[in-house]
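# What the coordinates show
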Amino acid sequence: MKNIFIAFLLFSSVISAQTKKFNAEDLRITPLIDGTLLTPASEEKIPLAIIIAGSGPTDRNGNQQMMVNNSLKFLAEALYDQDIATFRYDKRIVKQMKMRNIDEKNIRFSDFIKDADAILNYFRNKNEFSKIYIIGHSQGSLVGMVTAQNGADGFISVAGAGQPIDDVIVSQLTKQAPGLADSARNAFDDLRVNGVANNYNPGLASIFRKEIQPFIGSWMAFDPKEEIAKLDIPVLIINGTKDIQVLVSEAELLKEAKPDAEYKIIEKMNHILKEVEGNDLENSKTYNIHNLPIMPELVETISGFINK
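Residues numbered from 1 in each chain as written. Predicted model: local features only at pLDDT ≥ 70, side-chain atom pairs only at ≥ 80, totals over all residues. Heavy atoms only, no water.

### What about the side chain of D111?
Positionally, D111 belongs in helix α3 (residues 109-126). R92 provides the closest opposite charge to the buried, salt-bridge-free D111, at an N-O distance of 4.1 Å. Excluding anything up to four places from it in sequence, D111 contacts R92 and N106. (Helix = DSSP H or I, 4+ residues; strand = E, 2+ residues; numbered from the N terminus. Buried < 20%, exposed > 50% of the residue type's maximum accessible area, 1.4 Å probe, protein only. Lys, Arg positive; Asp, Glu negative; His and termini not counted. Salt bridge = Lys/Arg side-chain N within 4 Å of Asp/Glu carboxyl O. Contact = heavy atoms within 4.5 Å.)

Put into structure tokens, the structure is as follows:
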């Protein structure tokens, strides 16, 4: 069960190996949203990419407590070198945890969409960039595709699921812990119909704790296939063959739902955008290597899509 990305659901600046200086500005968009804007020098307006992190208390650099890989920091810095501005931000639960006022039972998936909407509106109103793209990673893919419906110029899904979260988790359990799959399916069905799940295998307690059931239920209400199909802007779907959290089959579902989207599968890229040559153990080790670079092909693919 260690690979089930729901494990990072709620509670589960490192020095970079690079020495280059960036034109960086820390911004507070709302009382709960702080982030970093990187803006390459240019005499003309350039595009901006808003980077939305995945599940868990993930900060603007793609890190969590005890898990430092700087994946989103490296992505932002690499796009900077391609004359693309970026804004990446700490998820609201990072700020709430620092202020010690987080209340799990009151968190909803729509809170993350609200935050992303506020960021998109902030930069649209400033009118400083030629276009605004949204890059959503993992859980942030679903957040991003809903937000992108409100006026973004393009959307990029990186390691985003193609099924509602309950179906994703049941699929993962079927492969990794088949003895728990039926119990999870029944509990999710109870949660969807009744708003609460009371009967489930104790091995699923991290998913079905009473405090987070309202959040899970609110997340289940969104179907990525339906949301991505609503977009009438350029879309790019990316996944890696070494992603053990969100499989390539999830990207295929998104592509089926949005046939005109560009589609790229990157060989040997894992969930946190790093290259993996070996087995799952080697894969898991990359989650806590702070200076391991992200895959150049990812940067080439995203920058080529934005800079068309």
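We are not done yet, so read on.
### Some words on empty space enclosed by the protein
Its volume calculated, the second largest cavity comes out at about 90 Å³. What lines the second largest cavity is a set of 15 residues, and nearest its centre among them are S138, Q139, L142, A161 and W219. Of all the secondary structure elements, the ones that give two or more residues to the lining of the second largest cavity are α4 (139-147) and α5 (165-176). No other element matches the four residues that α4 contributes to the lining of the second largest cavity. Of the residues belonging to the lining of the second largest cavity, the class tally is ten nonpolar, five polar and no charged. (1 Å grid on protein atoms, 1.4 Å probe; cavity = no way out; pocket = protein on both sides within 12 Å on 5 of 7 lines; lining within 4 Å. Points joined across faces, edges and corners; volume = space filled by probe spheres on them. Nonpolar A, V, L, I, M, F, W, Y, C, P; charged D, E, K, R; others polar.)

### Overview of the layout of surface pockets
Empty space within the second largest pocket amounts to approximately 160 Å³. When contributions to the lining of the second largest pocket are tallied by element, the ones reaching two or more residues are α5 and α10 (248-257). If one sorts the elements of the lining of the second largest pocket by residue count, α5 sits on top with five residues. Partitioned by chemical class, the residues of the lining of the second largest pocket number five nonpolar, six polar and two charged.

### Notes on the nonpolar core
The biggest cluster of nonpolar side chains holds 60 residues, and the ones touching the most others in it are L48, I50, F87, F109, F123, F155 and F188. When sequence neighbours within four positions are dropped, the list of residues in contact with L48 reads L37, A85, T86, F87, F123, F129, K131, I132 and Y133. Among the nonpolar cores identified, the runner-up in size contains 30 residues, and I51, L79, I84 and I294 belong to it. (Core = buried A, V, L, I, M, F, W, Y, C linked by side-chain atoms within 4.5 Å.)

### Some remarks on the packing of aromatic side chains
Overall, the coordinates contain 13 aromatic pairs when judged by the stated rule. Taken together, a centroid distance of 6.1 Å and an interplanar angle of 15° make the contact between F87 and Y89 stacked. F87 gets classed as buried once you look at its relative accessible area, which sits at 0%. For Y89, a relative accessible area of 5% gives the class buried. Aromatic pair F109 and W219: ring centres 5.8 Å apart, planes at 10°, arrangement stacked. Here F109, found in helix α3, pairs with W219, found in helix α8 (residues 213-220); they are 110 residues apart in sequence, far enough to count as distant. Each member of the pair, F109 as well as W219, is classed as buried. A network of ring pairs unites the aromatic residues F87, Y89, Y122, F123 and F129 as a single cluster. The lysine or arginine in question, K91, covers the ring of F112, its NZ or CZ lying 4.4 Å from the ring centre. (Phe/Tyr/Trp six-rings, centres within 6.5 Å; stacked < 30°, edge-to-face > 60°. Lys NZ or Arg CZ within 6 Å of the ring centre and 35° of its normal.)

### Some words on the pattern of salt bridges
Where charged atoms from two side chains of opposite charge come close, those side chains can pair. A complete count under the given rule lists 20 salt bridges for this structure. With a closest N to O distance of 3.0 Å, E277 and K268 form a salt bridge. Each of D166, D167, R185, D189 and R192 takes part in one network of salt bridges that share partners.

### A few points about helix α6 (residues 178-194)
Note that an α-helix has 3.6 residues per turn; residues three or four places apart therefore point the same way. With 17 residues, α6 extends 25 Å from end C-alpha to end C-alpha; this agrees with the ideal 24 Å at 1.5 Å per step. Within α6, burial applies to L180, A181, S183, A184, A187, F188 and L191. The elements touched by buried residues of α6 are α5, α7 (205-208) and α8. Where α6 terminates, the next one or two residues include G195, which has phi positive at roughly 80°. (Expected span 1.5 Å × (residues − 1).)

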